[in-house]
Amino acid sequence: MPYFPTGTKSLLSKCLTPKIWEQCKDRRDKHGFTFRQAIMSGSKYVESGVGVYAGSHDSYYAFAPFFDKIIEAYHGHKPNDKHISSMDYNALKCPPFPPDEDKMINSTRIRVARNLAAFPLGTCVTRDERNQIESLVVSALNEFEGELKGKYYSLAKMTEAEKKQLINDHFLFKGGDKYLQSAGLEREWPANRGIFHNDAKTFLVWVNEEDQLRIISMQKGADILAVFTRLSIAAGEIEKVAKFAHDEHLGYITSCPTNLGTAMRASVHIKLPKLMKNKTKFDAIADEYYVQIRGIHGEHTETDDGVFDISNRRRLGRSEKQLVQDMIDGVKALIEAEKAEQ
Ligand code: ADP
Ligand code: CIR
């Protein structure tokens, strides 16, 4: 059984009891992914928040005594609970922000993660399967017309300068994430990874990173409704041609259990230079409204100039529409608090 030093806070360390270890330690899912592989990341990096990845849709059931606990602890979702999906953008309560608040928001981005039903997850695919996934997804995306029409850029063919520019502009994944590496998600990097985007870079799809697809809608400013509407239409179009791994209990299946359900993160980059100095209040509002605070250069980054990435923390058991609403309500509360700080 892995050793966790005193003070380890990861969900893995909390959920992996000696009984569950005994029950699961020699199990494999139907693609051969072992329980030990699933917990490798958090065993190696004890500072993980969660520390667990699935090898396939089946991992969540093959290792159920363990994953049920993780899922309940993170999402409050019990083994018999159902997940409901709705990308109904007409139901969103999102009046435009007044001008003084609008200018506090630099940009808006909503992404959903999706994986193909016909393959295991990125943690467990072979090189050949990863290649097949790339071909299938890219050929579907190449059919897009109108605003969503774009081009696929293979990571292996990009120059260092192009990559750097896309990362700095917040369009592309970074690679080199130790948590993903320890879960096997960066094997044979950069082969068969890439990004599809339209000319305006308001619609983007990452291929074969943490999940097989990350479908992204983003733009400058605070028009959350426009961003959600574009995402909803694009995800619907892709789903017509690619069957995604999904079930009634877990919603969309993802390699990290924190993303299950909607697999959606809706975020704004927002200036909160005063509130950041009152960390207790900042964190209390974030907790109350179920939003997560990140730095603006991706997960596990800090802020340098008082700009924060604020996003929905919940992903499972509530619809996409409800969770975009969580983010909107949290952002409004944070703006009020920022204005109230001296
Ligand atoms: P995820 O893809 O899980 O949302 P990250 O937090 O690593 O993961 O973010 C990926 C990239 O998207 C980063 O470059 C980040 O800066 C960018 N990003 C996230 N939210 C926004 C936003 N609201 N505006 C602009 N860029 C964003
Ligand atoms: C961790 O456990 O810290 C990483 N594997 C990332 C987990 C997902 N991110 C998150 O909850 N913010």
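Residues numbered from 1 in each chain as written. Chains lettered and ligands numbered in written order. Predicted model: local features only at pLDDT ≥ 70, side-chain atom pairs only at ≥ 80, totals over all residues. Heavy atoms only, no water.

Caption draft 1: Just the overall build of the protein, in detail. Broken down by element type, the protein carries 13 helices and 10 strands. Relative to its length of 342 residues, the protein is compact, with a C-alpha radius of gyration of 20 Å against a globular reference of 20 Å. Across its three principal directions, the C-alpha atoms of the protein cover 60 × 50 × 40 Å. Once local pairs closer than 6 in sequence are excluded, the contacts in the protein between residues at least 24 apart make up 73%. Surface accessibility of the protein: about 15300 Å² in total, with carbon and sulfur atoms responsible for 51%. (Helix = DSSP H or I, 4+ residues; strand = E, 2+ residues; numbered from the N terminus. Rg over C-alpha atoms; globule rule 2.2 N^0.38 Å. Contact = heavy atoms within 4.5 Å. Areas by Shrake-Rupley, 256 points an atom, 1.4 Å probe, with all protein chains shown as cover.)

Caption draft 2: Structural view of the site of ligand 1. Near ligand 1, the surroundings consist of 18 residues, among which S107, H170, S267, R294 and I296 are the closest. Interatomic distance of 2.6 Å between a side-chain N/O atom of S107 and a nitrogen atom of ligand 1. One nitrogen or oxygen atom from the side chain of H170 is found 2.5 Å from an oxygen atom belonging to ligand 1. Its free accessible area being 550 Å², ligand 1 has 91% of it covered by the protein chains. Looking at the shell around ligand 1, the elements that each hand over two or more residues are β1 (105-114), β5 (213-220) and β8 (264-271). Taken together, the residues that form the shell around ligand 1 break down as 4 nonpolar, 7 polar and 7 charged. (Near = heavy atom within 4 Å. Polar contact = N/O pair within 3.5 Å; in protein donor to acceptor, adjacent residues only side chain to side chain. Nonpolar A, V, L, I, M, F, W, Y, C, P; charged D, E, K, R; others polar.)

Caption draft 3: Seen up close, the site of ligand 2. As a matter of local geometry, ligand 2 sits amid 13 residues, with G49, V50, G51, Y53 and E299 nearest to it. Contacts to ligand 2 include V50, whose backbone N or O atom sits 2.8 Å from an oxygen atom. One of the side-chain N or O atoms of Y53 is found 2.7 Å from a nitrogen atom in ligand 2. Against a free-state accessible area of 340 Å², the protein chains account for coverage of 89% of ligand 2. Here the shell around ligand 2 is built from residues that sort into 5 nonpolar, 6 polar and 2 charged.

Caption draft 4: Spotlight on the sheet that holds strand β10 (residues 307-312). Pairing in this open sheet of 8 strands is antiparallel, and the strands run β2-β3-β4-β5-β1-β8-β10-β9 from one edge to the other. Strands at the two margins of the open sheet, each flanked by one partner only, are β2 (150-154) and β9 (291-294). For this sheet, the mean inter-axis angle between neighbouring strands, taken without regard to orientation, is 20°. Where strand β3 (residues 194-198) meets strand β4 (residues 203-207), 4 bridges bridge the pair, whose relative direction is antiparallel. Note on β4: the bridge partner recorded for G194 is V207. Lying on the sheet, helix α11 (residues 224-241) is in contact with β1, β4, β5 and β8; it crosses β5 at an angle near 155°. (Pairing = 2+ DSSP bridges. Axes fitted to C-alpha atoms, helices over the stretch in contact; angles between N-to-C directions.)

Caption draft 5: Region of the structure containing the nonpolar core. Core analysis: the biggest nonpolar cluster contains 56 residues, and F203, I215 and I310 have the highest contact counts within it. In contact with F203, other than residues within four places in its own chain, are L141, F144, L148, F196, H197, N198, I215, I216, R230, A234 and I238. I20, Y60, F66 and I70 belong to the second-largest nonpolar core, a separate cluster that totals 29 residues. (Core = buried A, V, L, I, M, F, W, Y, C linked by side-chain atoms within 4.5 Å. Buried < 20%, exposed > 50% of the residue type's maximum accessible area, 1.4 Å probe, protein only.)

Caption draft 6: Broad picture of the layout of surface pockets. For the second largest pocket, the calculated volume is near 390 Å³. Lining the second largest pocket we find 16 residues, and of these K279, D283, Q292, I293 and R294 sit closest to its centre. Of all the elements in the fold, those that place two or more residues in the lining of the second largest pocket are α12 (279-288) and β9. For the lining of the second largest pocket, the element with the highest residue contribution is α12, accounting for 5 residues. Class assignment for the residues of the lining of the second largest pocket results in 6 nonpolar, 4 polar and 6 charged. (1 Å grid on protein atoms, 1.4 Å probe; cavity = no way out; pocket = protein on both sides within 12 Å on 5 of 7 lines; lining within 4 Å. Points joined across faces, edges and corners; volume = space filled by probe spheres on them.)

Caption draft 7: Region of the structure containing the packing of aromatic side chains. Counting across every chain of the model gives 13 aromatic pairs. Centroid distance F244 to Y252: 6.3 Å. Interplanar angle 75°. Geometry classified as edge-to-face. In terms of burial, F244 and Y252 fall into one category: buried. In this structure an aromatic cluster arises from ring pairing among W21, F35, Y60, F63, F66 and F67. Over the ring of Y252 we find R114; its NZ or CZ atom is 3.4 Å from the centre of that ring. If you follow R314 out to its NZ or CZ, it ends over the ring of Y290, 3.5 Å from the centre. (Phe/Tyr/Trp six-rings, centres within 6.5 Å; stacked < 30°, edge-to-face > 60°. Lys NZ or Arg CZ within 6 Å of the ring centre and 35° of its normal.)

Caption draft 8: Molecular detail of the pairing of β10. In terms of burial, β10 is a largely internal element, 6 of the 6 residues being buried. With 5 bridges joining them, β8 and β10 adopt antiparallel strand pairing. Paired with K271 across the two strands is V307, which belongs to β10. As paired strands, β9 and β10 are joined by 4 bridges and run antiparallel to one another. Paired with R294 across the bridge in β10 is D309.

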